[in-house]
Amino acid sequence: MARLQLSKLEKVYGGGFKAVHGIDLDVQEGEFMVLVGPSGCAKSTTLRMIAGLEEVTSGEIRIGDRIVNALPPGKRRIAMVFQNYALYPHMKVRSNLAFGLRLAHVPKPEREAAVQEVARILEIEPLLDRLPKQLSGGQAQRVALGRALIKKPEVFLFDEPLSNLDAKLRASMRVRITDLHKRLKAEGRPSTVVYVTHDQTEAMTMGDRICVMKDGHIMQVATPKELYDRPANLFVAGFIGSPEMNVIDGEIEGTDFRLGGQVISLDEAVLNRMQSKPQEAALGIRPQHMKLSAGNGLTARLRSAEFMGHEVYLHAMLEGKEITTVAGAAEYDALDRSDERIRLTPDLGHAHIFDRQSGRNVSLPLAG
Amino acid sequence: MTDISHASDVITAGADGLAEARAANARQIRNAKISAAVRYVILFGVGLLMLYPLIWLVGASFKTNAEIFANPGFIPQQPTTEGYVKGWETSTPYTFGRFFLNSFLIIIPKVIGTAISCTMVAYGFARFDFPLKKLLFGSVIAILLLPNVVTRIPQYLLFRDLGWLDSFLPLWVPSAFAGDAFFVFMLVQFLRAIPGDMEEAARVDGANSWQTLVFIVVPMLAPALISVCLFQFMWTMNDFLGPLIYISSVDKYPVSLALKLSIDTTEAFEWNRILAMSVLTITPALIVFFMAQKYFIEGLSAGGVKG
Ligand SMILES: Nc1ncnc2c1ncn2[C@@H]1O[C@H](COP(=O)(O)OP(=O)(O)OP(=O)(O)O)[C@@H](O)[C@H]1O
Ligand SMILES: [Mg+2]
């Protein structure tokens with residue numbers, strides 16, 4: 001329902017610790033934006049500033065056409081879902097849902113109708129007269145979701161809402177939340193979402209766009225596919241994708257990429273994309289793009305293999321650095337493992353060259 | 001053949017083993033019963049010992065004056081309510097009911113004032129940042145550690161200048177403005193143990209600080225608040241020194257002073273009257289305690305967080 005804009009947002013905590021370093025983020029109306037990053041990278045701090053629970057040190061937060069910096073949380077037209085549900089323990093589910101409307105002096109019949117509607121959407125009708133302590137984790141999280149939904153806010157804020165649930169429930173709640181988001185959009189009241197998580201599966205599956213953060217800086221904002229295919233820097237490259245992207249340090253000499261005693265000759269597929277040729281470079285390539293080959297290619301020493309069902313993760317040492325590659329189960333069976341040596345051919349069409357100094361990806365394709 | 005006989009050996013061995021296990025189990029149950037019996041006897045004995053003075057007090061209040069000293073047992077030989085009747089009349093123009101009324105005129109505003117003011121102050125200390133907070137909280141702790149008697153004289157002078165002597169005001173007004181550091185401290189500690197998430201959720205839901213306090217914090221604080229009220233009630237009921245210092249006219253005496261009064265004015269002590277009125281004096285505290293006991297205990301165990 002509203003666009004959310006952060007500009008030059010900074011947060012310095014009481015002790016003088018700078019948690020957020022002037023970030024800019026533009027979340028479009030109706031967009032599902034995921035904030036992801038390792039623990040302590042200030043995802044929660046950023047979200048709490050948007051909610052108004054944490055004071056902004058400097059910078060600006062806009063929701064729609066209003067600057068909300070000075071508004072209390074209740075006046076920002078936002079709703080928030082907390083990691084540990086934060087249901088009011090002494091109120092029945094019904095009152096938990098209706099609390100916000102009650103404070104807004106919505107008349108009782110309307111309130112009741114709203115509660116019924118939300119309860120129907122989230123399938124919590126039988127739970128309305130229970131206390132929070134009589135709910136399971138998944139039910140409690142649905143109630144928490146309902147409490148946000150009932151207010152029809154302009155922006156939804158989620159802080160790791162699923163991390164207290166078990167894997168199966170998390171998967172189903174994930175679908176439920178994205179479905180809800182789509183449904184609201186289809187009903188003509190698109191809701192802007194900022195969703196914090198440290199789980200990259202959640203980030204990749206739920207987000208329209210993902211904002212990757214590290215130490216209070218934004219590393220990249222892009223669609224899941226773009227993050228995966230064109231990571232802007234080494235951090236994003238390592239953070240997104242499982243198994244992790246292989247990053248092989250080396251030097252570029254002419255069209256050769258040298259690592260230890262071995263050489264990869266960079267072909268047109270890479271050279272054309274390179275914006276600069278850093279001296280100290282790193283070649284980034286996903287395990288899926290390291291093909292086992294017979295005869296030629298890089299030589300690596302096989303250390304271990306993880307059987308994942310239809311494929312096998314091979315861990316090998318390449319010039320003293322551990323790398324991973326993915327092979328089909330049949331391919332792995334056919335592999336000659338007698339001398340522990342495997343040969344690998346990188347698919348350079350999917351390779352990235354990083355500047356080791358700055359961490360930047362210097363081989364981004366200009367388009368597509 | 002050998003196989004079969006072997007198998008039957010195993011079965012009988014198994015049956016023997018089972019019988020043995022049953023016997024051992026029975027032994028354990030018997031031992032547990034014996035030790036429980038021993039424990040209960042000891043507990044009952046010690047409990048009786050501790051309650052004996054109270055039981056004796058109740059028994060003696062129904063005895064005649066002569067019997068109180070003649071008969072050490074607690075069951076009265078010729079039960080009489082004379083102590084209660086005469087005691088209630090007192091040797092003053094007022095009945096004991098007047099003194100009870102006085103007590104409650106102090107206790108009720110004091111308890112209500114304490115609950116409200118201490119909650120507000122504790123909420124402030126536990127949840128907000130403000131200038132000089134450390135210093136102020138430090139002074140709360142300092143007051144907590146300060147012996148009461150130290151402030152008696154300055155307080156007396158202050159209330160004298162305010163013209164509050166011989167009124168109930170000095171006895172309850174300070175408490176109604178969060179003057180009891182102990183309760184503030186107790187509530188602050190309790191609040192600190194409650195996660196702030198619910199309050200944040202309430203703020204996102206549109207509640208201001210007062211609404212958050214009233215709708216969210218106070219209900220969660222209820223067990224601690226009940227303890228506060230209970231303690232304040234009992235301590236005020238039993239307070240002797242405060243009324244002794246500030247109240248001089250007999251018609252304003254609370255029960256604690258009135259009891260003393262009956263000892264002072266009667267030449268030959270009518271012990272059964274004093275004992276009878278003592279019983280009446282402790283009754284409200286007992287009733288309140290037993291009524292609040294459920295919440296009291298709930299409060300002690302309600303800290304557990306569900307995972
Ligand atoms: N109240 C505070 N005072 C001082 N520093 C704080 C405070 N809250 C958080 N920080 C610091 O700010 C940084 C960011 O914290 P934040 O909670 O936003 O991280 P996060 O990305 O949400 O991490 P997680 O994934 O573990 O929840 C951390 O280094 C943390 O130590
Ligand atoms: Mg966090």
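Predicted model only: the values in this text are computed from it and were never measured.

Considering the overall build of chain B
Counting secondary structure elements, chain B contains 13 helices and zero strands. Secondary structure elements of chain B, listed N to C terminal, follow the sequence α-α-α-α-α-α-α-α-α-α-α-α-α. Here chain B holds 307 residues, and the buried ones make up 34% of them. In chain B, of all internal contacts separated by at least 6 residues, the share reaching a separation of at least 24 is 70%. Split by element, the accessible area of chain B, about 18200 Å² in all, is 71% carbon and sulfur.

A closer look at the site of ligand 1
All names here are of chain A. As a matter of local geometry, ligand 1 sits amid Y13, F17, A19, S39, G40, C41, A42, K43, S44, T45 and E160. One nitrogen or oxygen atom from the side chain of S39 is found 2.5 Å from an oxygen atom belonging to ligand 1. The contact in question runs from an oxygen atom of ligand 1 to an N or O atom on the backbone of A42, over 3.0 Å. When isolated, ligand 1 has an accessible area of 630 Å², and the protein chains bury 60% of it. It is helix α1 (residues 43-51) that contributes the most residues to the shell around ligand 1, three residues altogether. A class-by-class count of the residues in the shell around ligand 1 yields five nonpolar, four polar and two charged.

Here's the deal with the packing of helix α2 (residues 93-103) of chain A against helix α10 (residues 209-238) of chain B
Two numbers describe how α2 of chain A lies on α10 of chain B: the axes approach to 13 Å, and their chain directions differ by 150°. Here α2 of chain A lies roughly antiparallel to α10 of chain B, going by the angle between them. By crossing handedness, the relation of α2 of chain A to α10 of chain B is classed as right-handed. Contacts between α2 of chain A and α10 of chain B involve F99, R102 and L103 of chain A from the first element and Q211, F215 and I216 of chain B from the second. Class assignment of the residues belonging to the contact of α2 of chain A with α10 of chain B gives a composition of four nonpolar, one polar and one charged.

Focus: the interface of chain B and chain A
One frequently used descriptor of interface size is the decrease in accessible area upon assembly of the parts. Counting residues at the interface gives 16 residues for chain B and 24 residues for chain A. Taken together, the two surfaces of chain B and chain A that pack against each other cover about 1700 Å², and 61% of this comes from carbon and sulfur. Its salt-bridge partner being D205 of chain B, residue K151 of chain A comes within 3.6 Å of it at the nearest N-O pair. Applying the counting criterion to the chain B and chain A interface returns eight residue pairs in polar contact (both at pLDDT 80 or more). Elements that contribute at least two residues to the side of chain B that touches chain A include exactly α9 (197-204) and α10 of chain B. With seven residues, α9 of chain B is the single largest residue contributor to the side of chain B that touches chain A. For the side of chain B that touches chain A, a count of residues per class yields nine nonpolar, two polar and five charged.

Section: the sheet that holds strand β16 (residues 298-307) of chain A
The strands that make up a sheet pair up through hydrogen bonds in the backbone, lying either parallel or antiparallel. Residues and elements named next belong to chain A. An order of β15-β19-β16-β17-β18 is seen for the five strands of this open sheet, with the pairing classed as antiparallel. Lying at the two open borders of the sheet, with one neighbouring strand each, are β15 (290-292) and β18 (321-328). On average, adjacent strands in this sheet sit at an angle of 50° to one another, irrespective of strand direction. Inspection of the sheet shows β16 paired to strand β17 (residues 311-318) by six bridges, in the antiparallel sense. Bridging from a neighbouring strand, R301 pairs with M317 of β17.

Observations concerning unusual backbone geometry
All names here are of chain A. In this structure, P243 follows S242 across a cis peptide bond, with omega equal to -5°. Turning to its location among the elements, P243 is positioned in the loop between α8 (234-239) and β11 (246-253). We note that K8 has phi near 45°; this positive angle belongs to a residue other than glycine. Summarising the element assignment, K8 is placed in strand β1 (residues 4-12).

Describing the domain arrangement of chain B
Residues and elements named next belong to chain B. According to the domain assignment, chain B consists of domain 1 (2-60) and domain 2 (89-305). Taken residue by residue, the interface counts five residues in domain 1 and five residues in domain 2. Carbon and sulfur atoms make up 91% of the surface buried where domain 1 meets domain 2, a total of about 390 Å² over both sides. Three residues stand out in domain 1 for area buried against domain 2, namely L54, L57 and A60, and they jointly supply 79% of the buried area on that side. Along the contact surface separating domain 1 from domain 2 lie zero residue pairs in polar contact (both at pLDDT 80 or more).

Some words on the UniProt feature "domain: ABC transporter" (unreviewed entry) in chain A
Look at the UniProt record and you will see "domain: ABC transporter" (unreviewed entry) annotated at residues 4-240 of chain A. Secondary structure content for residues 4-240 of chain A is 37% helix and 25% strand, and the end C-alpha separation is 25 Å.

Section: the packing of aromatic side chains
Residues and elements named next belong to chain B. Summed over the entire model, instances satisfying the criterion amount to 24 aromatic pairs over all chains. Aromatic side chains F182 and W235 sit 5.9 Å apart centroid to centroid with 50° between the ring planes, which places their arrangement in the tilted category. Of this pair, F182 sits in helix α8 (residues 181-192) while W235 sits in helix α10, and the two are 53 residues apart along the sequence. The class of F182 is partly exposed, set by a relative accessible area of 36%.

Focus: the pattern of salt bridges
In total, this model carries 24 salt bridges over all chains according to the counting rule given. E60 of chain A is paired through a salt bridge with R62 of chain A; the nearest N and O atoms lie 3.4 Å apart. Owing to a relative accessible area of 28%, E60 of chain A belongs among the partly exposed residues under this scheme. The exposure class assigned to R62 of chain A is partly exposed, which follows from its relative accessible area of 30%. One salt-bridge network, in which partners are shared between bridges, spans R48 and E54 of chain A together with E200 of chain B.

What counts and what doesn't
Residues numbered from 1 in each chain as written. Chains lettered and ligands numbered in written order. Predicted model: local features only at pLDDT ≥ 70, side-chain atom pairs only at ≥ 80, totals over all residues. Heavy atoms only, no water. Helix = DSSP H or I, 4+ residues; strand = E, 2+ residues; numbered from the N terminus. Buried < 20%, exposed > 50% of the residue type's maximum accessible area, 1.4 Å probe, protein only. Contact = heavy atoms within 4.5 Å. Areas by Shrake-Rupley, 256 points an atom, 1.4 Å probe, with all protein chains shown as cover. Near = heavy atom within 4 Å. Polar contact = N/O pair within 3.5 Å; in protein donor to acceptor, adjacent residues only side chain to side chain. Nonpolar A, V, L, I, M, F, W, Y, C, P; charged D, E, K, R; others polar. Axes fitted to C-alpha atoms, helices over the stretch in contact; angles between N-to-C directions. Parallel < 35°, antiparallel > 145°, perpendicular 65-115°, else oblique. Left-handed = near helix turned anticlockwise from the far one by under 90°. Buried area = accessible area lost by both parts, 1.4 Å probe. Salt bridge = Lys/Arg side-chain N within 4 Å of Asp/Glu carboxyl O. Pairing = 2+ DSSP bridges. Domains from an automatic or database assignment. UniProt positions renumbered as here; feature names shortened; annotations may be inferred. Phe/Tyr/Trp six-rings, centres within 6.5 Å; stacked < 30°, edge-to-face > 60°.

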